[in-house]
Amino acid sequence: MQLTRRRIRRPVALGAATTFALASLATASATLPDRTRVSAGSVAADDATDALGLAPCRIASTLGVQMSEGIPTGTGYTRSTGEVRALNLMVDFPDAPGEGPAMSRFAEFFPQTSDWFRTASYGRLTYRPETPLPDWLRMPMPFAAYGMERGSPYEPGYRRLVEDIVDAADSRVDFSAYDLVNILVTPNAGPSALDTVLSVTFSGNGEAPHADGVPLANTSFVYSRQDDGSGSYHETGYRVLPHENGHVFGLPDLYTTEGGGAVGHWDIMSEDWGANNDLLGWHKWKLGWLDNDQVRCASAPGSRIYSLTPLGTTGGTKLAFVPVDGESGYAVEVRTREGNDEAVCEPGVLIYRVQSDVDTGQGPITVADSDEDSGGCTRRPNVHAELSDAPFRPGESFADEEGGIRITVLSEEPDTGSYRIRITRS
Ligand SMILES: [Zn+2]
């Protein structure tokens, strides 16, 4: 899909049947309605008093959307602040026995995943990975018997697999002690990730099998190895797990059937292969990693000037939001090569449209490209090139003429790395 500089068009909505026919370099997600469990969720974004006037910017979740960008996040997902205990089980099969120690499979993802969350959350999420069973957990049936394919629904294969995992582990694992579950499947089960990515998360699923009195409602399954052959697997291969865990915290997929062209490498829910990347500021607010006083809401007519600090650093004002209607608006933030943002080649002000009524995998967020058809500034593998130079530089403006909205970058402060922006709306 081509974006015009003046106005971001809504992506073509896809029917539910095609939701899982996804690009080959991305991972699928699925979610089911929860009826049994109340999640603590993210509380910072959801403040009933609203002394800061943020209410018009908390675009609400829309009925009928499975995983919405709306605030607050629906119930049933894993709490995204404080200490979160992750149960890790390394699983193998009679026809695909684990090769080498199970703890080496675990070591493909840790400590990098915990470090990634600490950095992305500014220390607000303390991710504790635990391995009460340090050996491979053998399933009773061959891998093929579960019928796992890309986009497989929960029924019947995943229900059967989870039941078998609980049967095999329950005598030695207290499932009620954990906030989320990672099933790290032996890499020799199923296809190479280069052919098809099976990794998937079922989140907010109160109908999942129970163990120790709780449903396994938020469970990520990681298969194969996301190894692009560039020699960087030991540095970047873990990134599928923070992506999948993003779903257990309620975040939708930002890539579409057309790949990463909507958001590029600006969020791990868009691209989880290649160099490290961060989450969008909108997601950080949604997860409770930004305080309300780090967000500015440009809801009133007129002109306002804001100063934003880089998203990759701690503290300061991080996000400005311009609501368009009750279900969409423009988010504005500063992205630099700091924190988890390893691949930024043109720092500046990133502007994107958020739509809470567009579902996971169908383009709920669209980045505005300040320099269309430029080819981008990156040559790194698995980084969407065209949007890599999307940020706006001082002197450049974004305009939504129909919406009467103009966002101009005024200056960059060399001492602090902050950017001054002006938002005007009629
Ligand atoms: Zn996903």
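Remember, predicted model here, so these are calculated numbers, not experimental data. (Residues numbered from 1 in each chain as written. Predicted model: local features only at pLDDT ≥ 70, side-chain atom pairs only at ≥ 80, totals over all residues.)

**So, the overall build of the protein chain**
Then, number 1: The number of helices and strands found in the protein chain is 6 helices and 18 strands.
Then, number 2: Pairs at least 24 residues apart make up 72% of the contacts formed inside the protein chain by residues separated by at least 6 positions. (Helix = DSSP H or I, 4+ residues; strand = E, 2+ residues; numbered from the N terminus. Contact = placed C-beta atoms within 7 Å.)

**Side note on the sheet that holds strand β12 (residues 319-325)**
Then, number 1: The strand order β10-β12-β13-β14-β15 describes an open sheet built from 5 strands, whose pairing is mixed. What marks the edges here is a single partner per strand, and that holds for β10 (295-297) and β15 (365-367). Taking each pair of neighbouring strands and ignoring which way they run, the sheet shows an average axis angle of 25°.
Then, number 2: Judged from the 5 bridges that link them, β12 and strand β13 (residues 328-335) form a sheet pairing that is antiparallel. Residue pairing for β13: Pro323 is matched across the bridge by Gly329. (Pairing = 2+ DSSP bridges. Axes fitted to C-alpha atoms, helices over the stretch in contact; angles between N-to-C directions.)

**Focus on the sheet that holds strand β11 (residues 302-308)**
Then, number 1: Read from one edge to the other, the open sheet built from 4 strands follows the order β11-β18-β17-β16, with strand pairing classed as antiparallel. Lying at the two open borders of the sheet, with one neighbouring strand each, are β11 and β16 (397-400). Here the average twist between neighbouring strands, direction ignored, is 15°.
Then, number 2: The pairing of strand β17 (residues 405-412) with strand β18 (residues 419-425) spans 7 bridges and is antiparallel.

**A word on the pairing of strand β2 (residues 82-92)**
Then, number 1: Of all 11 residues in β2, 8 are buried, a share of seventy percent or more.
Then, number 2: Bridge count between β2 and strand β3 (residues 125-130): 6 bridges; the pairing is parallel. Note that in β3 the partner of Arg85 across the bridge is Arg128.
Then, number 3: As paired strands, β2 and strand β5 (residues 180-185) are joined by 6 bridges and run parallel to one another. Bridge pairing in β5 links Leu87 to Val181.
Then, number 4: Pairing analysis gives 2 bridges linking β2 to strand β4 (residues 137-138), with the strands arranged parallel. (Buried ≥ 20, exposed ≤ 12 C-beta atoms within 10 Å, placed from the backbone.)

**Quick look at helix α2 (residues 112-120)**
A turn of α-helix holds 3.6 residues, and therefore any two residues three or four places apart point the same way.
Then, number 1: Among the residues of α2, those classed as buried are Thr113, Trp116, Phe117 and Ala120. All buried residues of α2 project into a common sector of 95° when viewed along the axis, lining one side.
Then, number 2: The inward-facing, buried residues of α2 abut β3 and α5 (240-248).
Then, number 3: One or two positions beyond α2, positive phi appears at Tyr122, with a value near 55°. (Arc of directions from axis to C-beta.)

**A few points about unusual backbone geometry**
Trans peptide bonds make up most of the peptide bonds, and negative phi angles are found at most residues other than glycine.
Then, number 1: The step from Ile71 to Pro72 runs through a cis peptide bond, and the omega angle for that step is 0°.
Then, number 2: Within the secondary structure, Pro72 sits in the loop between β1 (30-31) and β2.
Then, number 3: In this chain, Glu155 is followed by Pro156 through a cis amide linkage whose omega measures -5°.
Then, number 4: Considering the arrangement of structural elements, one finds Pro156 in helix α3 (residues 154-169).

**Regarding the pairing of strand β9 (residues 219-222)**
Then, number 1: In β9, alternate side chains face the same way, and those of Thr219 and Phe221 on one face and Ser220 and Val222 on the other are all buried.
Then, number 2: The pairing of strand β6 (residues 200-203) with β9 spans 3 bridges and is antiparallel. Its bridge partner lying in β9, Val200 is registered against Phe221.

**A short note on the nonpolar core**
Then, number 1: Counting residues in hydrophobic clusters, the biggest one holds 100 residues, and the most contacted among them are Phe321, Ala331, Val349, Ile351, Tyr352, Val367 and Ile421.
Then, number 2: With 6 residues, β2 is the largest single contributor of residues to this core.
Then, number 3: When residues are assigned to domains, this core turns out to be shared by domain 1 (1-21 + 252-426) and domain 2 (78-249), each giving three or more.
Then, number 4: Apart from residues no more than four positions distant in its own chain, Phe321 is found in contact with Cys57, Val295, Cys297, Ala298, Gly329 and Ala331. (Core = buried A, V, L, I, M, F, W, Y, C linked by C-beta atoms within 7 Å. Domains from an automatic or database assignment.)

**A closer look at the environment of Phe202**
Then, number 1: Turning to its location among the elements, Phe202 is positioned in strand β6.
Then, number 2: In the structure, Phe202 is positioned 44 residues away from Tyr158 in sequence and 9.3 Å away in space, judged by C-alpha atoms.

**A word on the confidence of the model for the protein chain**
Then, number 1: Of the residues in the protein chain, 89% have a pLDDT of 70 or more, and the chain-wide mean is 90.
Then, number 2: Scored below 50 in pLDDT, residues 1-41 shows 102 contacts in the model against residues more than four places distant or in partner chains. (pLDDT = per-residue confidence, 0-100.)

**Re α5**
Then, number 1: Of all 9 residues in α5, 9 are buried, a share of seventy percent or more.
Then, number 2: The inward-facing, buried residues of α5 contact α2, β5, β6 and β9.
Then, number 3: Backbone geometry just after α5 places Gly250 at a positive phi near 100°.

**Thoughts on the environment of Leu87**
Then, number 1: Following the sequence through the fold, Leu87 ends up in strand β2.
Then, number 2: Residue class for Leu87 comes out buried when judged on the 22 C-beta atoms lying within 10 Å of it.
Then, number 3: The spacing of Leu87 and Asp179 is 92 residues in sequence and 7.8 Å in space, taken between C-alpha atoms.
Then, number 4: Among all residues touching Leu87, those that are not within four sequence positions of it are Glu130, Val173, Tyr178 and Val181.

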